[in-house]
Amino acid sequence: MPLRGRVAVVTGAARGVGQALAERLSRMGLRVALVGREEETLRRAAASLPSPSMCVEADVTDRTALDRAARQVADRFGPASVLVANAGIAAGGPFSRTPAELWQRVIDVNLIGSANTVRAFLPQLALTHGYFLQIASTAAFGSAPMMSAYCASKAGAESFAQALRGEVEPDGIAVGIAYLHWTGTDMISGIDDHPVLRALRQNQPWFARRVHSPAQVADWLTTGIIHRAHHVYAPPWLRWCQPLRPLFPALVTRTTRRELRARSRTELATDIGVLGAGGRADWNAYVGETDIEDRPDR
């Protein structure tokens with residue numbers, strides 16, 4: 001698939017993996033549209049790219065905003081050939097203590113937002129016989145305590161992409177799923193503040209504890225995009241974990257049980273919150289738009 005001169009759309013492109021991937025695709029000669037929540041950060045990211053680029057401030061849970069973004073991309077660059085659903089947030093803490101609005105927001109951004117993104121750009125991908133890449137996570141392999149919304153959303157996003165693949169392949173559209181492990185974004189620094197999640201990482205084999213830079217992950221993702229891969233593993237050794245997936249939930253539970261028992265409910269509840277600057281930006285914007293603080297169920 002010759003990509004030079006084609007159009008790529010990346011959501012969640014203001015920082016982290018999304019920004020690094022936008023830069024990598026731009027250096028390959030693609031025209032890149034960056035979609036995200038933080039307009040000023042998006043503008044700076046777009047301005048730094050070597051190829052023609054544009055940015056669109058849009059909430060992926062807002063179908064109207066995404067439809068508008070799709071029209072803007074088509075009007076300026078033409079139809080998209082590559083679409084990457086990267087936008088995502090995470091919240092840590094016990095399910096019973098996490099506000100219902102926050103828990104649902106993680107699901108809405110990571111799962112519903114991906115579906116909304118595809119719905120808006122699917123007609124363009126049909127025109128170009130393009131490629132859609134869903135960013136998932138090893139959280140889909142084995143669900144971790146204190147991260148129920150994130151794990152549920154990533155498992156759902158994986159299942160959504162698998163179902164979509166069978167529907168759109170007859171139209172010449174390829175669908176890939178990217179499994180990301182520990183990646184050096186601001187979300188990871190937040191995870192290390194949680195004792196249970198920190199213990200989960202520390203009890204993994206040495207090679208599995210390694211944190212990979214967003215630039216390295218973007219290289220792996222780009223290779224997958226070039227080859228229209230059904231599965232992209234970041235790092236590549238994750239492909240050998242697929243046959244072992246039935247074992248992971250029990251292993252994760254065994255690893256974290258000790259940390260959960262060692263801490264009181266009150267202590268665990270102090271760790272509730274959105275992880276990372278990008279997640280906090282989305283949550284703060286959402287709170288401002290919906291006046292959640294004034295709701296009686298907050």
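Residues numbered from 1 in each chain as written. Predicted model: local features only at pLDDT ≥ 70, side-chain atom pairs only at ≥ 80, totals over all residues. Heavy atoms only, no water.

### With respect to the confidence of the model for the protein
Keep this limit in mind: The predictor's confidence in any single residue is recorded as pLDDT, a number from 0 to 100. The criterion used for residue contact is that any of the two residues' heavy atoms lie within 4.5 Å.
Per-residue confidence for the protein gives a mean pLDDT of 87, with 85% of residues at or over 70. Across residues 293-298, where pLDDT falls below 50, the model places 8 contacts with residues more than four positions away in sequence or in other chains.

### Quick look at the sheet that holds strand E1 (residues 7-11)
For sheets, the rule is that strands pair by backbone hydrogen bonds, running either parallel or antiparallel. Here is the rule we go by: Strand pairing is assigned whenever DSSP detects at least two bridges linking the two strands. Helix and strand assignments come from DSSP, with helices taken as H or I runs of at least 4 residues and strands as E runs of at least 2, each series counted from the N terminus. Angles here are taken between N-to-C directions and fall from 0 to 180 degrees, while the axes themselves are lines fitted to C-alpha atoms, restricted in helices to the stretch in contact.
In space, the 7 strands of this open sheet follow the order E3-E2-E1-E4-E6-E7-E8, with parallel pairing throughout. Either end of the sheet is taken by a strand with one partner, and the two such strands are strand E3 (53-57) and strand E8 (231-234). The mean angle between the axes of side-by-side strands here comes to 15 degrees, regardless of whether they run parallel or antiparallel. Along the sheet, helix H3 (residues 63-76) makes contact with E1, strand E2 (31-36) and E3, crossing E3 at roughly 165 degrees.

### With respect to helix H1 (residues 16-27)
In an α-helix, one turn spans 3.6 residues; hence positions three or four apart end up facing the same way. How we decide: Helix span, expected: 1.5 Å multiplied by one less than the number of residues in the helix. We call a residue buried when its accessible area falls under 20% of the maximum for its residue type, exposed when it is over 50%, and partly exposed in between, using a 1.4 Å probe and counting protein chains only.
Taking 1.5 Å of rise per residue, the 12 residues of H1 would be expected to cover 16 Å, and the 17 Å separating its terminal C-alpha atoms lies within 8% of that figure. Buried residues of H1: Val-17, Gly-18, Ala-20, Leu-21, Ala-22, Leu-25 and Ser-26, and no others. Contacts from the buried residues of H1 go to E1, E2, strand E4 (82-85), strand E7 (174-180) and helix H9 (214-226). The first or second residue beyond H1 is Gly-29, which carries a positive phi of 100 degrees.

### Regarding the packing of H3 against helix H4 (residues 100-128)
In plain terms, the rule: Each helix crossing is assigned a hand: it is left-handed if the near helix lies turned anticlockwise from the far helix by less than a right angle, otherwise right-handed if that turn is clockwise. Residue polarity is assigned by list, with Asp, Glu, Lys and Arg as charged and Ala, Val, Leu, Ile, Met, Phe, Trp, Tyr, Cys and Pro as nonpolar; anything else, Gly included, falls into the polar class.
At a minimum axis distance of 9 Å, the contact between H3 and H4 shows a crossing angle of 35 degrees. As H3 packs across H4, the resulting crossing turns out to be right-handed. In this structure, H3 contributes Arg-63, Leu-66, Asp-67, Ala-69, Ala-70, Val-73 and Ala-74 to the contact, and H4 contributes Gly-113, Asn-116, Thr-117, Ala-120, Phe-121 and Gln-124. Looking at side-chain class alone, the contact of H3 with H4 contains 7 nonpolar, 4 polar and 2 charged residues.

### Digging into helix H5 (residues 148-168)
The end-to-end C-alpha distance of H5 is 30 Å, a good match for the 30 Å that 21 residues give at a rise of 1.5 Å each. Of the positions making up H5, those classed as buried are Ala-149, Tyr-150, Cys-151, Ser-153, Lys-154, Ala-157, Glu-158, Ala-161, Leu-164, Arg-165 and Val-168.

### Describing the pattern of salt bridges
The cut-off we apply is this: The term salt bridge refers to a pairing of a side-chain nitrogen on Lys or Arg with a carboxyl oxygen on Asp or Glu at a separation within 4 Å.
Per the counting criterion, the structure on display carries 9 salt bridges. For the salt bridge of Glu-23 with Arg-27, the shortest nitrogen-to-oxygen distance reads 3.2 Å. Pair noted here: Glu-23 and Arg-27 are both in helix H1, with a separation of 4 residues, about one helical turn. Across the pair Asp-282 and Arg-105 runs a salt bridge, and its minimum N-O distance is 2.9 Å. Here the residue Asp-282 occupies a position in helix H12 (residues 277-290), and Arg-105 occupies one in helix H4, the gap between them amounting to 177 residues. A relative accessible area of 5% means that Asp-282 is categorised as buried. Relative accessible area serves as the criterion here: at 2%, Arg-105 is assigned to the buried category. A single network of salt bridges, built from pairs that share partners, joins Arg-37, Asp-59, Arg-105 and Asp-282.

### Observations regarding the pairing of E4
By the alternation rule, side chains of E4 split into Val-82 and Val-84 and Leu-83 and Ala-85, which are all buried. Relative to E4, E1 is paired through 3 bridges, and the arrangement is parallel. When the sheet's bridge partners are listed, Val-9 is paired in E4 with Leu-83. In terms of strand pairing, E4 meets strand E6 (residues 131-137) through 4 bridges, oriented parallel. Paired with Leu-83 across the two strands is Phe-132, which belongs to E6.

### So, the packing of aromatic side chains
For the record, the criterion: A pair of aromatic rings is counted whenever rings of Phe, Tyr or Trp (Trp by its six-membered ring) have centres within 6.5 Å, and the orientation is called stacked for planes under 30 degrees apart, edge-to-face for over 60 and tilted otherwise.
If you walk through the whole model with that rule in mind, you get 4 aromatic pairs. Ring plane angle 80 degrees and centroid distance 5.7 Å describe the contact between Phe-95 and Trp-103, whose orientation is recorded as edge-to-face. A relative accessible area of 54% places Phe-95 in the exposed class. Joined through ring pairs, the aromatic side chains of Phe-141, Tyr-179 and Tyr-233 make up one cluster.

### Quick word on the environment of Gly-18
Within the element layout of this structure, Gly-18 appears in helix H1. Gly-18 gets classed as buried once you look at its relative accessible area, which sits at 0%. Linking Gly-18 and Leu-34, residues 16 residues apart in sequence, is a C-alpha distance of 8.4 Å.

### A closer look at the pairing of E3
The cut-off we apply is this: A clockwise course of the path from the first strand over the helix to the second, judged with the strands pointing away from the viewer, identifies a crossover as right-handed.
Pairing of E2 with E3, which is carried by 5 bridges, proceeds in the parallel orientation. By the bridge assignment for E3, Leu-34 is matched with Cys-55. For the segment spanning E2, helix H2 (residues 39-47) and E3, crossover handedness is right-handed.

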